[in-house]
Amino acid sequence: MQRAFVLCAVVALSECLFHLPLEKGMTAREILEEQGLWEEYRPKYPYNPMAKYADKLAVGIESMTNDADLAYSGIISIGTPPQTFKVIFDTGSSNLWIPSIYCNSIACNNHNKFNPGNSSTFRNNGHSLSIQYGTGSMTGFLGYDTVTVGGLAVKNQIIGLSQSEADFLQYMHADGILGLAYPRLAESGATPVFDNMMMENLVNHDMFSFYLSSDSQKGSVLTFGGVDPNHYSGSISWIPLSHELYWQITVDSITVNGEVVACNGGCQAIIDTGTSLIIGPQCNNINSRVGATDNNGDYMVNCDSIAQLPDVTFHINGETFTIPGSGYVRGSQANGCRTGFVNGGGNLWILGDVFIRQYYAIFNRAQNMVGLATAR
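The rules behind the values
- Residues numbered from 1 in each chain as written.
- Predicted model: local features only at pLDDT ≥ 70, side-chain atom pairs only at ≥ 80, totals over all residues.
- Heavy atoms only, no water.
- Helix = DSSP H or I, 4+ residues; strand = E, 2+ residues; numbered from the N terminus.
- Rg over C-alpha atoms; globule rule 2.2 N^0.38 Å.
- Contact = heavy atoms within 4.5 Å.
- Areas by Shrake-Rupley, 256 points an atom, 1.4 Å probe, with all protein chains shown as cover.
- Salt bridge = Lys/Arg side-chain N within 4 Å of Asp/Glu carboxyl O.
- Buried < 20%, exposed > 50% of the residue type's maximum accessible area, 1.4 Å probe, protein only.
- Pairing = 2+ DSSP bridges.
- Axes fitted to C-alpha atoms, helices over the stretch in contact; angles between N-to-C directions.

Moving on, we come to the overall build of the protein. On a plain count of helices and strands, the protein comes out with 7 helices and 29 strands. Relative to its length of 376 residues, the protein is compact, with a C-alpha radius of gyration of 20 Å against a globular reference of 21 Å. Seen along its three principal axes, the alpha-carbon backbone of the protein occupies a region of about 60 × 55 × 40 Å. Long-range contacts, defined here as pairs at least 24 residues apart, represent 68% of the contacts in the protein between residues at least 6 apart. Entry remark: accessible area of the protein is about 15000 Å², with carbon and sulfur atoms responsible for 47%.

Written as structure tokens, this is what we have:
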């Protein structure tokens, strides 16, 4: 098990960075392809990438989508004595939830389950929680306990404990989700984990940052309390948020070979570590311009021609952020190579892991900005 570690400057021990290693595991798609079940799975659990960002129906209802390409997760512990869980750290949601021993769904039975009775610090909240998916739901209840993340012990953190889960979650490598968006997005009045870190003065600076490795399983890291210069080169470009709910920014345009192919005149985008791909209303334009062809919703390219594919450039706040073909194509010779651009309904763009692997991402709550720098 990878463990969190702390780096402190020699001159000032208060300048501490709390690092939580992230593991790049097999995605649900890769697991299902290996088992020969992917083509059976995908029509049964269709991917609606924008379901996560749909208007919420009522208090206590959160939306989420079944992203079969999520790869990165890290270890947290909950309770006294601690029970460990692997979670996806998601800047596109704000709640923390994990399976409980009261869940007997298929999806719960192959994941770690929290036992409230074994924790001396657990308190029941008395309220229920429901998370709606495009093809199912997770239902459960809320409670409070100590949650340790990256070496930081957050006391009285509200957590969701599942009692039933949608079947497709059995293929998710992580046990649950830890949301890192703004508190207004949280359901049931829950205070997000990072907000509690700030209120309990656990971090020196009210920011956290992500480095996502491209190929290796290890090396990815989530840093609380600042930035780690070991993971980026050059200067940081600071971009003000256009809306403080998700980590939402304004994109000026998207170009291929100097020609605008999407987002002409500007558009809104969310920097989201809980989405694997780049999703937007004009992604098919991008796919067409890079020479990809549609194969049952996947846009395929020749695996031998990745080095010759054109760059895709995002123009943001007067600066350019370029993704080469090697950055936006994923897959293998065995199952084919596909782009990381997926058409989504609505007007929002989602800049997920395909984008963040290229750019070290800093989420600054103190100044409500996102920082981007070229990842090492």
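This is not the end of the story, as more comes after the structure.
Right, let's talk about the environment of Thr320 for a bit. Looking at the secondary structure, you find Thr320 in strand β23 (residues 319-323). Through-space distance from the C-alpha of Thr320 to that of Asp252 is 9.8 Å; in sequence the pair is 68 residues apart. Setting aside residues no more than four positions away along its own chain, Thr320 makes contact with Thr313, Phe314 and His315.

The next subject is the pattern of salt bridges. Opposite charge on two side chains permits pairing when their charged atoms draw close. Evaluation of the coordinates by the stated rule reveals 6 salt bridges. Of the charged contacts, one joins Asp298 and Arg42 as a salt bridge, the two residues approaching to 3.2 Å between their closest N and O atoms. Of this pair, Asp298 sits in strand β21 (residues 298-301) while Arg42 sits in helix α2 (residues 38-44), and the two are 256 residues apart along the sequence. You can call Arg42 buried: its relative accessible area is 16%. With its nearest N and O atoms 2.7 Å apart, the salt bridge here joins Asp195 to Arg365. One end of the pair, Asp195, is in helix α4 (residues 193-199); the other, Arg365, is in the loop between β28 (359-364) and β29 (369-375), with 170 residues separating them in the sequence. Neither residue differs from the other here; Asp195 and Arg365 are each classed as buried. By sharing partners, the salt bridges in this structure join Arg29, Glu39, Arg42 and Asp298 into a single network.

A word on the environment of Asn296. Mapped onto the elements, Asn296 comes out in the loop between β20 (293-295) and β21. On the basis of relative accessibility, which here comes to 54%, the residue Asn296 falls in the exposed class. Distance from Asn296 to Glu39, taken between C-alpha atoms, is 9.9 Å for residues 257 residues apart in sequence. Not counting chain neighbours up to four residues away, the residues in contact with Asn296 comprise Glu39 and Arg42.

Right, let's talk about the sheet that holds strand β25 (residues 336-339) for a bit. Taken in spatial order, the 4 strands of this open sheet run β20-β21-β25-β24, and their pairing is antiparallel. Bordering the open sheet on either side are β20 and β24 (329-332), each of which pairs with just one other strand. Sheet twist, expressed as the average angle between the axes of neighbouring strands with direction ignored, equals 45°. Bridge count between β20 and β21: 3 bridges; the pairing is antiparallel. Note on β21: the bridge partner recorded for Asp294 is Tyr299.

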